[in-house]
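The lines below spell out each chain.
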Amino acid sequence: MTRAFAPATYPGLAGRAVLNTGGARGIGYAMARAFARHGAYLMLMDRDADALAGAAATLRADFPDARIAVHAGSVTEEADVAAACDACAESFGSLDILLTNAGISMNRPSLDLSPADWRRAIDVNLTGTFLCAQAAARHMKAQGGGVILNTASMWGLSASANRAAYCASKAGVISLTEVLADEWAAHGIRVNAICPGYIRTALTDELIADGKLDLAAIEARTPQGRMGTPEEVAEMAVYLASDAAVFITGHAHLADGGFRARGF
Ligand SMILES: NC(=O)c1ccc[n+]([C@@H]2O[C@H](COP(=O)([O-])OP(=O)(O)OC[C@H]3O[C@@H](n4cnc5c(N)ncnc54)[C@H](O)[C@@H]3O)[C@@H](O)[C@H]2O)c1
């Protein structure tokens, strides 16, 4: 029997201040909804100002008691990242949880991958994650602790042809997660990576439409026979951010319907 998705509740997340990059759509937006449901305060950061405004309006309508603010900017720009962290701390009094969802795909045969595309994937996915973690941790250290959840990917743990820059960037995010967990445990900061498998979002819909992802092949290859939902990934985030997970740090956590476990 396939069991239905059943979200849990972590009352301790109420009133925690969350900075969520890439929060305007997809997995980041689903995380925003999951944290809003818990009564957390949300600072959404995204480079897409229109999508950001739309996401905030929907969240405010659906969660009338929620405190939601937005900051348009890019995770690749140090000044934007520092401003978003400061805005979170000023609006809500702290920065308790950082969710780094901003990311881009990069599907190209390696022989055709231009240096510019390589740099773009590394810049957004890896350097952007580092800049956000560093800026947030400066607040968290001063506060006495915090939680950082970096959205990496199943493709940071396994190889996939035609995704050299993407895989390398996400493997880098996992390594970064381990180093920062080790380094910042002394400051009360937990750092984990979330590794989604194939999740149905605008990003994957675009790849399917462009013929870069084969939906039927993904479904056949996945033990559970389907792509995941952003909500299923968001549920892992609220658990890992909660005090139910206080002893969990420095790990890469998969939500992939069994995709990576299946061998030949
Ligand atoms: N969808 C999947 O199957 C899947 C699987 C594994 C990992 N991921 C990862 O999850 C994260 C979210 O993916 P998604 O599918 O929700 O993607 P998405 O494209 O639907 O959403 C990504 C969001 O990030 C924002 N963004 C992109 N670059 C940015 C930048 N430089 N600064 C600020 N915001 C920026 C976009 O505007 C967008 O709102 C990404 O890091 C992605 O690599 C997704």
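Small disclaimer: the values here were computed from a predicted structure and weren't measured.

Caption draft 1: Structural detail: empty space enclosed by the protein. A complete count under the given rule lists one cavity of 30 Å³ or more for this structure. By volume, the largest cavity is sized at about 30 Å³. Considering the residues around the largest cavity, the lining is formed by T21, V75, T100, A102, V124, G128, T129 and C132. Considering every element that reaches the lining of the largest cavity, the biggest residue donor is helix α4 (residues 115–143), with four residues. Of the residues contributing to the lining of the largest cavity, the split by class is four nonpolar, four polar and no charged.

Caption draft 2: Focus on the pairing of strand β2 (residues 41–46). Burial analysis of β2 places five of its six residues in the buried class, the great majority of the element. Pairing between strand β1 (residues 17–21) and β2: five bridges, direction parallel. Each bridged residue has a counterpart across the sheet, and for L19 the counterpart in β2 is M43. Assessed by its sense of winding, the connection that carries the chain from β1 through helix α1 (residues 26–37) to β2 is right-handed. Pairing of β2 with strand β3 (residues 68–72), which is carried by five bridges, proceeds in the parallel orientation. By the bridge assignment for β3, M45 is matched with H71. Taken together, β2, helix α2 (residues 49–62) and β3 constitute a β-α-β crossover, and its handedness is right-handed.

Caption draft 3: Layout of the nonpolar core. Counting 45 residues, the largest nonpolar core has L19, L98, I148, W184 and Y198 as the members making the most contacts within it. Secondary-structure elements contributing two or more residues to this core are β1, β2, α3 (78–92), α4, α5 (164–184) and β6 (189–196). Ranked by residue count, the leading element in this core is α4, at nine residues. Apart from residues no more than four positions distant in its own chain, W184 is found in contact with A133, Q134, A137, I148, I189 and V191. Core analysis: the second largest hydrophobic core is formed by 35 residues, Y29, A32, F35 and L149 among them.

Caption draft 4: Here's a closer look at unusual backbone geometry. For N162, which is not a glycine, the phi torsion comes out positive at approximately 70 degrees. If you trace the backbone, N162 turns up in the loop between β5 (146–151) and α5. Taking the relative accessible area as the measure of exposure, N162 reaches 42% and is therefore partly exposed.

The rules we used
- Residues numbered from 1 in each chain as written.
- Predicted model: local features only at pLDDT ≥ 70, side-chain atom pairs only at ≥ 80, totals over all residues.
- Heavy atoms only, no water.
- 1 Å grid on protein atoms, 1.4 Å probe; cavity = no way out; pocket = protein on both sides within 12 Å on 5 of 7 lines; lining within 4 Å.
- Points joined across faces, edges and corners; volume = space filled by probe spheres on them.
- Helix = DSSP H or I, 4+ residues; strand = E, 2+ residues; numbered from the N terminus.
- Nonpolar A, V, L, I, M, F, W, Y, C, P; charged D, E, K, R; others polar.
- Buried < 20%, exposed > 50% of the residue type's maximum accessible area, 1.4 Å probe, protein only.
- Pairing = 2+ DSSP bridges.
- Right-handed = clockwise from strand over helix to strand, strands pointing away.
- Core = buried A, V, L, I, M, F, W, Y, C linked by side-chain atoms within 4.5 Å.
- Contact = heavy atoms within 4.5 Å.

That's the geometry; what it means functionally is another story.
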